[in-house]
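Observations on the model geometry
This is what each chain is made of:
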Amino acid sequence: MTEDNHLDKEEKERLSRRKFIKNSGIAVGGLAVGGALGSVIPWKKETGNQGIEKGAKGEKNYNQALMNFTQAEFKVIDAATERIFPKDDKAPGASDLGVAFYIDHQLAGSYGFNARDYMEAPFFHGEEVQGYQGRMKRREIFKIGIRELQNYSHEKFDKGFTELEADQQDEILKDFAEDNVNLSTVSASGFFNLLRSVTLEGLYSDPLYGGNVDMDGWKMRNYPGNQMSYKDIIEKDFQEIEPTSLQDHM
Amino acid sequence: MAKKLPKVDVVIAGVGWAGGIIAAELTKKGLNVVGLERGEERNTEDYFMVHDELRYAIRGELFQDLSKETITFRSNEKMRALPMRQYGSFLLGSGLGGAGVHWNGQTFRFLPYDFEIRSQTIDRYGKDKIPADMTIQDWGITYDELEPYFDTFEKMAGISGEENPLGPKRSDKYPTGPMLQSPQMKLFKKAAEKLGYHPYTIPSANLSEAYENPDGISRAACEYCSFCERFGCEYGAKADPVVTVIPVAKKTGKFDLRTHSWVRRVLHKDGKATGVLYTDVTTGEEIEQPADMVVLTSYVFNNVKLLLNSDIGRPYDSATGKGSIGKNYAYQVEKGDATGYFKNKKFNNFAGAGALGMTLDDFNGDNFDHSDLNFIHGGYLAMGQTGARPIQNNPIPAGSPTWGKEFKENSLNYINQTLSVYGMGASMPYQHHYLDLDPIYKDTFGDPLIRMTYDFKEQDRELAKFTAKKSREILEEMGADHIDSMDELGPYNITTYQSTHNTGGVIMGADPDTSAVNNYLQMWDMENLFVVGASAFAHNSGYNPTGTVGALAYRAAEGMLKYSKDGGLLA
């Protein structure tokens, strides 16, 4: 998947914009984090409506705590991924499946630090067919992307993302997905595509990673998870098989 | 100052399929062989926790670490090449067994047409059929000459298969019978037969039954657990170098395998290789390993990189078409496919094996008339059943939302109700498609990266459209209620997975002016240096490449044994 960001796309505009931000005293570590409204909007304590404190079968799940996000960032991601894969009367959504915890945990490790990607300079803006050419690591893209979601929500609806109605959240995400938001920091669609791909990972990876709670992600699509053999059914018509996870190998 | 070790008979750079086969064959005949592998040691026991799509298929546990080395890419010579910073189009192997560990196991023989593609195309259609910048050439070997080596490779790996009704002559049948047939495969077979085609079960390196090979290596049968592609096999049922040829080499006591050893230069003097220089990646120490014979088996990109960084051979010049190192880079045209949605049928799509599926060769090679077509060659059409793991497989009808309520409903509904048919399109070489050294970007030791210049051409666009159309027709016959198929191939994009079927760069041939190695994969310009792998392909066929890589490796090993006795150029 591509999480192309266009840091170098409009070099001139970027420089003048960076100058503006610098002059406003809102540059963090040399990296502009302002969206349309800059970073002047502080994080507010927002009341999310996602209850994910409960883990497996109502027991306390010690895995569900944060190693990367702030609590406010977590709530935005929890709300946004729930819109990407919403709960309905048939199947759980991203929030119930622990997707935001999954993303938090991934960003804290080698994936978030792009440890196995080629991150050597020089960095140039490339063509789409050449893939991601930015210097930012995924955890930085997320930090800024969340800030931009938040800024854009304030710009458009005068509220933080988690305070919006579901259809308003959808509108915000759609504008990101379709690059209708003009950002100078990260590519809006690049961030959205990254968010979408890690959402799918959180829904369907082995529960050991923090998402797919209770294997409910697998159950809703009749995916049997970790099975040692399908030899007995390979010649047969469709079978429903109770899933097992890697934990069953320990 | 590099530490200099005692001289050995043979040193091999890269211990995957090609390196493993050569190590086994040469040590069996008493030669002392050092195998240098920059990755780590691997065993079947490593795969106790292998059923993990995220770790292996998405994060690429078994792939080359791109932070240490990648390639750079540009579509044409006017563009600035930029590094492939993350995986996409192809998945490079690393560690003992190389990409031979994480392959699917689909094992084909290239066609007689492939090895004589230029002559046969001109014979049948005239010279004008070949575009001026398409640099196809005969391989300097025929199918009949290569046939015994195909047979050897198939018996070593225990390939499970049935006769291909349109296949070339075989000296023997497959050593094990075909894989089991799922209802999906039966549906494909019936539809293809009804259309007058000649379907057969994909020849598979995932064993259909327990098998002992001629080297005395016994392996268990495949369990159809669906974790082949991008994974190692916890049963040893999928043939890979670690469970087949490497133990044979080790057992001789003549094979000195050194992992964590990154070969950086081929050393040479007065036109002969004298050994290799490598770095111990755990200590950074530089070590010289002298040898009578040097063998490069380090995948397409590193074979080319090692030659160019060592000043061996004549670098390819795309302006004149002269020179050979880096010439004729080719790939695979695999996007010409179709997906069928079935309203009232459900399949066990989660189950499968890397090489499970049905295929047909009615539109491969020159098995059909190209007089009125704007392309040459073709590709097999197939329906594979590798096992649809859930992160990567969420089929939804084209044009429907990719997130939100409707995406959720569609993806949950269709997951076990879709089947895909695809073409394994052949890839022709062109004058301006090649590999050379990047002028800017370096690997972790400061050596220049390989730069790839490549894009799809009219030939590829036409071929992909053709295979997409044929795939659609088969799905129609299979009774799909809705079918999406590829409309336009678009430009080559390095971010979307296609196949790890990179070929060329050190191509074989009969003429030292137009090829780098002879038909024993011996360097024309350096007789004690052999360069083995898909780097020797003068173009890529409409098949997965490993079967042909294996055959060429056995052929090269035979050449090395001859050379060790008599010396001189072998062809």
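To be clear, the structure that these remarks concern was listed above.
Attention here is on the structure that accompanies the text.

So, how was this worked out
- Residues numbered from 1 in each chain as written.
- Chains lettered and ligands numbered in written order.
- Predicted model: local features only at pLDDT ≥ 70, side-chain atom pairs only at ≥ 80, totals over all residues.
- Heavy atoms only, no water.
- Helix = DSSP H or I, 4+ residues; strand = E, 2+ residues; numbered from the N terminus.
- Buried < 20%, exposed > 50% of the residue type's maximum accessible area, 1.4 Å probe, protein only.
- Contact = heavy atoms within 4.5 Å.
- Rg over C-alpha atoms; globule rule 2.2 N^0.38 Å.
- Lys, Arg positive; Asp, Glu negative; His and termini not counted.
- Charge placed at Lys NZ, Arg CZ, Asp CG, Glu CD.
- Pairing = 2+ DSSP bridges.
- Axes fitted to C-alpha atoms, helices over the stretch in contact; angles between N-to-C directions.
- Core = buried A, V, L, I, M, F, W, Y, C linked by side-chain atoms within 4.5 Å.
- Salt bridge = Lys/Arg side-chain N within 4 Å of Asp/Glu carboxyl O.
- Buried area = accessible area lost by both parts, 1.4 Å probe.
- Nonpolar A, V, L, I, M, F, W, Y, C, P; charged D, E, K, R; others polar.
- Phe/Tyr/Trp six-rings, centres within 6.5 Å; stacked < 30°, edge-to-face > 60°.
- Lys NZ or Arg CZ within 6 Å of the ring centre and 35° of its normal.
- Parallel < 35°, antiparallel > 145°, perpendicular 65-115°, else oblique.
- Left-handed = near helix turned anticlockwise from the far one by under 90°.

1. Regarding the overall build of chain A
What chain A contains, in helices and strands, is seven helices and two strands. Its helices and strands taken in sequence order, chain A reads α-β-β-α-α-α-α-α-α from the N to the C terminus. Split into buried and exposed, the 250 residues of chain A put 52% on the buried side. Considering only contacts in chain A between residues 6 or more positions apart, those separated by 24 or more positions represent 63%.

2. Overview of the overall build of chain B
In terms of regular secondary structure, chain B is built from 11 helices and 23 strands. Its C-alpha atoms give chain B a radius of gyration of 23 Å, within 12% of the compact-globule value 25 Å for 571 residues. Considering only C-alpha atoms, chain B reaches an extent of 70 × 55 × 50 Å along its principal axes. Among the 571 residues that make up chain B, the fraction classed as buried is 67%. A separation of at least 24 residues holds for 75% of the contacts in chain B among residues at least 6 apart in sequence. Across chain B, the 60 positively charged side chains and the 74 negatively charged ones have centroids separated by 2 Å.

3. Section: the sheet that holds strand β16 (residues 379-384) of chain B
Residues and elements named next belong to chain B. Ordered by their spatial adjacency, six strands build an open sheet running β6-β15-β16-β17-β14-β20, and the pairing between neighbours is antiparallel. Here the strands that pair on one side only, and so sit at the sheet edges, are β6 (200-201) and β20 (482-485). Both strand β14 (residues 337-341) and β20 contribute to a ladder of four bridges, which runs antiparallel. From the neighbouring strand, Tyr341 faces β20, where its bridge partner is His482. Its contacts with the sheet put helix α6 (residues 183-194) on β6, β15 (357-360), β16 and β17 (418-425), and the angle it makes with β15 is roughly 20 degrees. Helix α10 (residues 458-478) rests against β14, β15, β16, β17 and β20 of the sheet, and its axis sits at about 150 degrees to β17.

4. Focus: the environment of Ala468 of chain B
All names here are of chain B. By secondary structure assignment, the location of Ala468 is in helix α10. Since its relative accessible area comes to 1%, Ala468 is described here as buried. For the pair Ala468 and Gly423, spaced 45 residues apart in sequence, the C-alpha separation works out to 7.0 Å. Among all residues touching Ala468, those that are not within four sequence positions of it are Gly336, Asp337, Ala338, Ser485 and Met486.

5. Description of the pairing of strand β19 (residues 448-453) of chain B
Residue and element names in this part refer to chain B. Most of β19 is tucked away, with six of its six residues classed as buried. Bridging between strand β4 (residues 71-74) and β19 involves four bridges; their strand directions are parallel. By the bridge assignment for β19, Ile71 is matched with Ile450. Across five bridges, the pairing between strand β18 (residues 434-442) and β19 is antiparallel. Within the sheet, the bridge partner assigned to Leu435 lies in β19 and is Met452.

6. Some details on the nonpolar core
Ranked by internal contacts, the top residues of the largest apolar core, which has 229 residues, are Phe142 of chain A together with Met478 and Leu529 of chain B. When residues of this core are assigned to their parent elements, the largest contribution, 10 residues, is made by helix α11 (residues 546-566) of chain B.

7. So, the pattern of salt bridges
All names here are of chain B. Scanning the model with the defined rule gives 43 salt bridges over all chains in all. Arg55 is paired through a salt bridge with Glu61; the nearest N and O atoms lie 3.2 Å apart. The class of Glu61 is partly exposed, set by a relative accessible area of 34%. Salt bridges linked by common partners bring Arg38, Glu69, Lys305 and Asp443 together as one network.

8. Observations regarding the sheet that holds β4 of chain B
Residues and elements named next belong to chain B. Sheet architecture is open: four strands sit in the order β5-β4-β19-β18, paired in mixed fashion. Two strands close off the open sheet at either side, each with one partner strand: β5 (82-83) and β18. Lying on the sheet, helix α8 (residues 299-309) is in contact with β4, β18 and β19; it crosses β18 at an angle near 70 degrees.

9. A closer look at the interface of chain A and chain B
Each side of the interface is counted separately: chain A has 72 residues, and chain B has 73 residues. Note on chain A versus chain B: buried area summed over both sides is about 5900 Å², and carbon and sulfur give 57% of it. Here chain A and chain B share two salt bridges between them. Taking the shortest distance from any N to any O, the salt bridge between Glu201 of chain A and Arg59 of chain B comes out at 2.6 Å. Listing elements by their share of the side of chain A that touches chain B, those giving two or more residues are α2 (71-84), α3 (99-107), α5 (166-177) and α6 (188-204) of chain A. Counting residues per element, the side of chain A that touches chain B draws most heavily on α6 of chain A, which supplies five residues. Of the residues contributing to the side of chain A that touches chain B, the split by class is 36 nonpolar, 17 polar and 19 charged.

10. Structural notes on unusual backbone geometry
Here Ala121 of chain A and Pro122 of chain A are connected by a cis peptide whose omega angle stands at 0 degrees. Inspection of the secondary structure assignment puts Pro122 of chain A in the loop between α3 and α4 (138-157). Of note, His377 of chain B is a non-glycine position whose phi angle comes to about 60 degrees, a positive value. Note on placement: His377 of chain B falls in the loop between β15 and β16. Judged by relative accessible area, His377 of chain B falls into the buried class, the value being 0%. Of note, Leu521 of chain B is a non-glycine position whose phi angle comes to about 60 degrees, a positive value. With respect to the secondary-structure elements, Leu521 of chain B resides in the loop between β21 (503-505) and β22 (522-523).

11. Let's talk about the packing of aromatic side chains
All names here are of chain B. What the rule picks out here adds up to 49 aromatic pairs over all chains. Between Phe73 and Tyr492, the aromatic rings sit 5.4 Å apart at their centres with planes inclined by 85 degrees, giving edge-to-face as the arrangement. With Phe73 in strand β4 and Tyr492 in the loop between β20 and β21, this pair connects stretches of sequence that are 419 residues apart. Considered together, Phe73 and Tyr492 belong to a single accessibility category, that of buried residues. Three or more aromatic residues joined by ring pairs make a cluster, and in this case those are Phe73, Phe90, Tyr299, Phe301, Tyr329, Tyr331, Tyr454, Phe456 and Tyr492. The ring of Tyr125 carries Lys129 above its face, with NZ or CZ at 5.5 Å from the centroid.

12. Looking at the packing of α4 of chain A against α5 of chain A
Residues and elements named next belong to chain A. With their axes 10 Å apart at the nearest point, α4 and α5 run at an angle of 120 degrees to one another. With respect to their mutual orientation, α4 and α5 come out oblique. Our pair here, α4 against α5, has a crossing hand that is right-handed. Together, Gly145, Glu148, Leu149, Tyr152, Ser153, Lys156 and Phe157 of α4 and Gln168, Glu171, Ile172, Leu173, Asp175 and Phe176 of α5 make up the contact between the two elements. Class assignment of the residues belonging to the contact of α4 with α5 gives a composition of six nonpolar, three polar and four charged.

That is the geometry; function is a separate question.
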